Amino acid sequence: KEIVDVLGKDGKLTESKLTEMRFLKACQTESLRLSSIIIATARKTQVDMVLDGYQIPAGTNVMRHATFANIDEKFFSKANKFLPERWIRGSQEYGVKNSYANLPFGHGPRACLGQRFARMELYVLTCKMIQKFKISYEGPPIGIDQRGIGSPDKELKLKMIRR
């Protein structure tokens, strides 16, 4: 609804119009939280450290498992539920308990170099698809196949009706 309201059927996506689409951005963030493309990130510690109460010596391989963090009630209330509003300031559902719990593109100097471009591509693709089509899915629930990068675990057949 937001995309059609802001852009209309044939409107151009501009930076100012994208700024208005808070729900689009929240939906993308929530989708990436629930359907991680990469299941984990790994690092080798450079120094001795204490991590969540555990003594970790330098040179230890440490893994952050995104799939588990993203559905942990410790970080997200109603963690298994799709709630884009959790990412919108002022919303009743707003509030993420740990800003590092959802890192679909990594963080810091080793974060994905293309994340801004990837997000923009997703915004543009989503806007163009929703502008032109009403899209629905009526099949069984889709899971995630985590071999390699996350992808649907079965064929995904969408119904697309031209607007």
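These figures come from a predicted structure and were not determined experimentally.

Asks: Please clarify how the pattern of salt bridges should be interpreted in this entry.
Replies: Two side chains with opposite charge may pair up if their charged atoms get near one another. All told, the structure shown has seven salt bridges when counted by the stated rule. For the salt bridge of aspartate 10 with lysine 132, the shortest nitrogen-to-oxygen distance reads 3.0 Å. Taken together, the residues span a long stretch of sequence, with aspartate 10 in the loop between helix 1 (2-7) and helix 2 (15-20) and lysine 132 in helix 5 (residues 115-132) at a distance of 122 residues. A salt bridge links lysine 78 to glutamate 93; the shortest N-O distance between them is 3.6 Å. Of this pair, lysine 78 sits in the loop between helix 4 (66-70) and helix 5 while glutamate 93 sits in the loop between helix 4 and helix 5; the two residues are 15 residues apart in sequence, bridging distant segments of the chain. A relative accessible area of 42% means that lysine 78 is categorised as partly exposed. Residue glutamate 93 is classed as partly exposed on the basis of its relative accessible area, which comes to 24%.

Asks: Got a minute to help me understand helix 3 (residues 22-34) in this structure?
Replies: Within an α-helix, residues lying three or four positions from one another point in the same direction, as the helix has 3.6 residues per turn. With 13 residues, helix 3 extends 18 Å from end C-alpha to end C-alpha; this agrees with the ideal 18 Å at 1.5 Å per step. All of the buried residues along helix 3 are Leu24, Ala26, Cys27, Gln28, Thr29, Glu30, Leu32 and Arg33. The inward-facing, buried residues of helix 3 contact helix 1, helix 2, helix 4 and helix 5.

Asks: Can you help me understand the packing of aromatic side chains in this one?
Replies: Given two aromatic rings, one states the distance between the centres and the angle between the planes to describe the pair. Within this structure, the stated rule accounts for one aromatic pair. Consider the rings of phenylalanine 76 and tryptophan 87, whose centres lie 6.1 Å apart with planes at 55°: the pair is tilted. Placement of phenylalanine 76 in the loop between helix 4 and helix 5 and of tryptophan 87 in the loop between helix 4 and helix 5 is noted, with a sequence separation of 11 residues between them. For tryptophan 87, a relative accessible area of 24% corresponds to the partly exposed category. Note that arginine 33 overlies the ring of phenylalanine 76, its terminal NZ or CZ placed 4.7 Å from the centroid.

Asks: Would you mind showing me how to read the confidence of the model for the protein chain here?
Replies: Keep in mind that low pLDDT regions are not for reading the predicted coordinates in detail. Residues at a pLDDT of 70 or more form 100% of the protein chain, whose mean pLDDT is 89. Between the elements of the protein chain, mean pLDDT differs from a low of 80, seen in strand 6 (residues 144-145), to a high of 95, seen in strand 3 (residues 54-56).

Asks: It is not clear to me how a nonpolar patch on the surface should be interpreted in this structure. Could you clarify?
Replies: A contiguous nonpolar surface patch, about 380 Å² in accessible area, is contributed by Ile135, Ile142, Leu156, Leu158 and Met160. You can see leucine 156 is positioned in the loop between strand 7 (151-152) and strand 8 (159-162). Judged by relative accessible area, leucine 156 falls into the partly exposed class, the value being 43%.

Asks: Whenever I open this one, the layout of surface pockets confuses me. Can you help?
Replies: The gaps left among the atoms become clear once a water-sized probe is rolled over them. Of the volumes computed, that of the largest pocket is approximately 1,300 Å³. Listing elements by their share of the lining of the largest pocket, those giving two or more residues are helix 1, helix 3, helix 5 and strand 7. Among the elements that line the lining of the largest pocket, the one with the most residues is helix 3, at seven residues. Tallied by class, the residues present in the lining of the largest pocket amount to 21 nonpolar, eight polar and three charged. As a volume, the second largest pocket reaches approximately 930 Å³. In terms of lining residues, the second largest pocket is bounded by 33 residues, among which Thr41, Val62, Met63, Arg64 and His65 are the most central. Of all the elements in the fold, those that place two or more residues in the lining of the second largest pocket are strand 1 (40-44), strand 2 (49-51), strand 3, strand 4 (61-65) and helix 4. With five residues, strand 1 is the single largest residue contributor to the lining of the second largest pocket. Looking at side-chain class alone, the lining of the second largest pocket contains 19 nonpolar, seven polar and seven charged residues.

Here is what the cut-offs are and how they apply
Residues numbered from 1 in each chain as written. Predicted model: local features only at pLDDT ≥ 70, side-chain atom pairs only at ≥ 80, totals over all residues. Heavy atoms only, no water. Salt bridge = Lys/Arg side-chain N within 4 Å of Asp/Glu carboxyl O. Helix = DSSP H or I, 4+ residues; strand = E, 2+ residues; numbered from the N terminus. Buried < 20%, exposed > 50% of the residue type's maximum accessible area, 1.4 Å probe, protein only. Expected span 1.5 Å × (residues − 1). Contact = heavy atoms within 4.5 Å. Phe/Tyr/Trp six-rings, centres within 6.5 Å; stacked < 30°, edge-to-face > 60°. Lys NZ or Arg CZ within 6 Å of the ring centre and 35° of its normal. pLDDT = per-residue confidence, 0-100. Patch = residues over 30% accessible without salt bridge, like charges linked within 9 Å, V, L, I, M, F, W, Y side chains within 5 Å. Areas by Shrake-Rupley, 256 points an atom, 1.4 Å probe, with all protein chains shown as cover. 1 Å grid on protein atoms, 1.4 Å probe; cavity = no way out; pocket = protein on both sides within 12 Å on 5 of 7 lines; lining within 4 Å. Points joined across faces, edges and corners; volume = space filled by probe spheres on them. Nonpolar A, V, L, I, M, F, W, Y, C, P; charged D, E, K, R; others polar.

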